[in-house]
Amino acid sequence: MHLGALFIASHVLTSGSVRETARRFQLSPSTVSTAIHNLETELAMKLTERASGELATLIASGRVLEGLEPIMAAIAELGQWAGHDGAAAEIDEAWASRIPVKIVTMERFLEVADQGSINRAARRLRLGQPQLSLQLANLEKFLRHRLFERQAQGSVLTEEGRRAYQIFMAISQAWNDLKSSADERYRRTARSLRIGSIIPTGSESWVARCLGTLVSEWNARRNNNAISLVSMTADDLREALKSGRIDVAILDSVFGLESFRHRELLQTDMVVIAPPDSTETSVADLVAGHAICMPSPRTGLGHAAMAFSYERSPNRRRRGQDITAADSLPVIVDLVANHGYVSFLGRVSAMPIADKVRIVDLDEHLPMSYHVAFNHRKAAADACDLLIATAAKIVSPPVAQNSAFT
């Protein structure tokens with residue numbers, strides 16, 4: 001990382017805007033975007049994301065900003081020393097955003113100062129002595145100060161060199177603190193088994209119970225891989241599995257799993273869930289008399305339910321207005337239980353909430369299946385075995401089936 005890139009990235013995290021930073025420092029937006037991307041890569045963590053075309057800073061960016069504060073203070077001191085402070089002793093931002101000095105160059109300078117010899121430092125750093133000498137010469141040229149006195153017994157810091165040493169040491173220590181946190185996060189991530197699942201209907205749902213049992217039994221066996229859990233829609237789960245962000249995925253559809261190792265977790269059928277005080281006896285009457293809220297088409301269940309409702313009600317009055325799609329199953333359950341909506345769920349998900357809603361069978365059997373997909377890691381396959389065995393124990397009927405790998 002260049003000091004200039006760190007200065008740019010810090011301002012992006014503070015302002016929350018790539019374009020504002022680019023205008024302020026008279027840089028191209030691509031240069032600013034590259035700076036924040038390089039910082040994310042170095043720290044192995046996501047700091048920003050695009051939302052509706054706008055840049056949004058994530059929670060982790062606050063901690064990184066705190067870690068960058070000593071570096072920003074050192075850059076300001078460096079600018080003052082090098083004669084690049086602006087009005088009211090403020091740093092020349094255009095200069096600071098273009099500082100070409102790399103952190104690795106500063107650390108090599110510190111090594112030479114500690115060793116008192118370019119030759120000894122070059123051997124320790126496994127660099128050629130001419131290469132190291134050239135880097136130091138370029139550093140002195142940029143700072144417009146002589147940093148070393150070359151003597152027969154070695155290289156001794158000048159007065160300006162001692163000041164540079166203090167500034168660069170502060171930067172190096174702050175950067176290493178940030179990097180060590182990133183390295184520890186990487187080690188934890190490498191050891192952890194990341195499991196994603198469709199969003200449970202609630203704490204009593206079969207998905208939540210399966211995951212709870214998995215964590216409990218997994219930890220009781222003292223596995224080396226710690227488990228981390230996340231809930232997403234089926235579309236997001238497939239993308240996360242493809243990108244390697246998760247190792248195992250519990251999905252409510254087999255669609256899109258052709259390129260993954262996957263097994264059937266359990267089978268069920270689709271039902272309607274209706275308000276507990278509703279009196280309609282047919283699905284057609286329920287759909288005609290109530291607003292509908294269902295999982296969005298981004299979920300396997302939502303895709304199937306939306307297709308079913310549209311096929312069965314091609315001329316349904318106001319169907320575009322009173323069919324609400326939601327990715328939160330707890331919200332859907334609340335709308336049905338307390339606000340007069342109807343929805344569609346798999347029977348296996350509806351049974352645990354039978355005391356809150358009324359379950360109505362469809363006019364015809366509409367089968368559904370849940371699947372577990374996983375990557376090449378042995379721990380992922382082991383977790384799948386445990387999930388399938390757990391589902392078979394806690395869900396009856398239907399019963400989980402141990403089908404062959406596909």
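As a starting point, this report considers the structure included with it. (Residues numbered from 1 in each chain as written. Predicted model: local features only at pLDDT ≥ 70, side-chain atom pairs only at ≥ 80, totals over all residues. Heavy atoms only, no water.)

1. Some words on the packing of helix H7 (residues 118-125) against helix H8 (residues 129-143)
Helix-helix packing is characterised by the crossing angle of the two axes and by the distance between the axes.
Logical step 1: Orientation of H7 relative to H8, taken along the N-to-C sense of each, is 110°, at an axis distance of 9 Å. By the angle between their directions, the pair H7 and H8 is classed as roughly perpendicular. Classified by chirality, the crossing of H8 by H7 is right-handed. Together, Ile118, Asn119, Ala121, Ala122 and Leu125 of H7 and Gln129, Leu132, Ser133 and Leu136 of H8 make up the contact between the two elements.
Logical step 2: Broken down by class, the residue content of the contact of H7 with H8 amounts to six nonpolar, three polar and no charged. (Axes fitted to C-alpha atoms, helices over the stretch in contact; angles between N-to-C directions. Helix = DSSP H or I, 4+ residues; strand = E, 2+ residues; numbered from the N terminus. Parallel < 35°, antiparallel > 145°, perpendicular 65-115°, else oblique. Left-handed = near helix turned anticlockwise from the far one by under 90°. Contact = heavy atoms within 4.5 Å. Nonpolar A, V, L, I, M, F, W, Y, C, P; charged D, E, K, R; others polar.)

2. Digging into the environment of Val12
Logical step 1: On the secondary structure map, Val12 appears in helix H1 (residues 3-15).
Logical step 2: On the basis of relative accessible area, Val12 is assigned to the buried category, the value being 0%.
Logical step 3: Sequence-wise, Val12 and Leu55 are 43 residues apart; in three dimensions their C-alpha atoms are separated by 9.4 Å.
Logical step 4: If sequence neighbours within four positions are ignored, Val12 has contacts with Ser17, Val18, Thr21, Val32, Ile36, Leu55 and Thr57. (Buried < 20%, exposed > 50% of the residue type's maximum accessible area, 1.4 Å probe, protein only.)

3. Details of the packing of helix H2 (residues 18-25) against helix H3 (residues 29-43)
Logical step 1: Remark: H2 packs on H3, axes separated minimally by 8 Å, with the N-to-C direction vectors making an angle of 115°. Considering only the axes of H2 and H3, their crossing is right-handed. Taken together, the residues of H3 that come into contact with H2 (itself represented by Val18, Arg19, Thr21 and Ala22) are Pro29, Val32 and Ser33.
Logical step 2: Classifying every residue of the contact of H2 with H3 gives four nonpolar, two polar and one charged.

4. Some details on helix H10 (residues 206-220)
Logical step 1: The terminal C-alpha atoms of H10 lie 21 Å apart, and with 15 residues this matches the ideal 21 Å at 1.5 Å per residue to within 8%.
Logical step 2: Looking only at H10, the buried set comprises Trp206, Val207, Cys210, Leu211, Leu214 and Trp218. Buried residues of H10 fall within an arc of 130° about the axis and therefore sit on the same side. (Expected span 1.5 Å × (residues − 1). Arc of directions from axis to C-beta.)

5. Describing helix H11 (residues 234-243)
Logical step 1: Regarding H11, the residues found buried are Ala234, Leu237, Arg238, Ala240 and Leu241. The buried residues of H11 all sit within an arc of 165° when viewed along its axis, so they share a single face.
Logical step 2: Looking one or two residues beyond H11, the residue adopting positive phi is Gly244, at roughly 90°.

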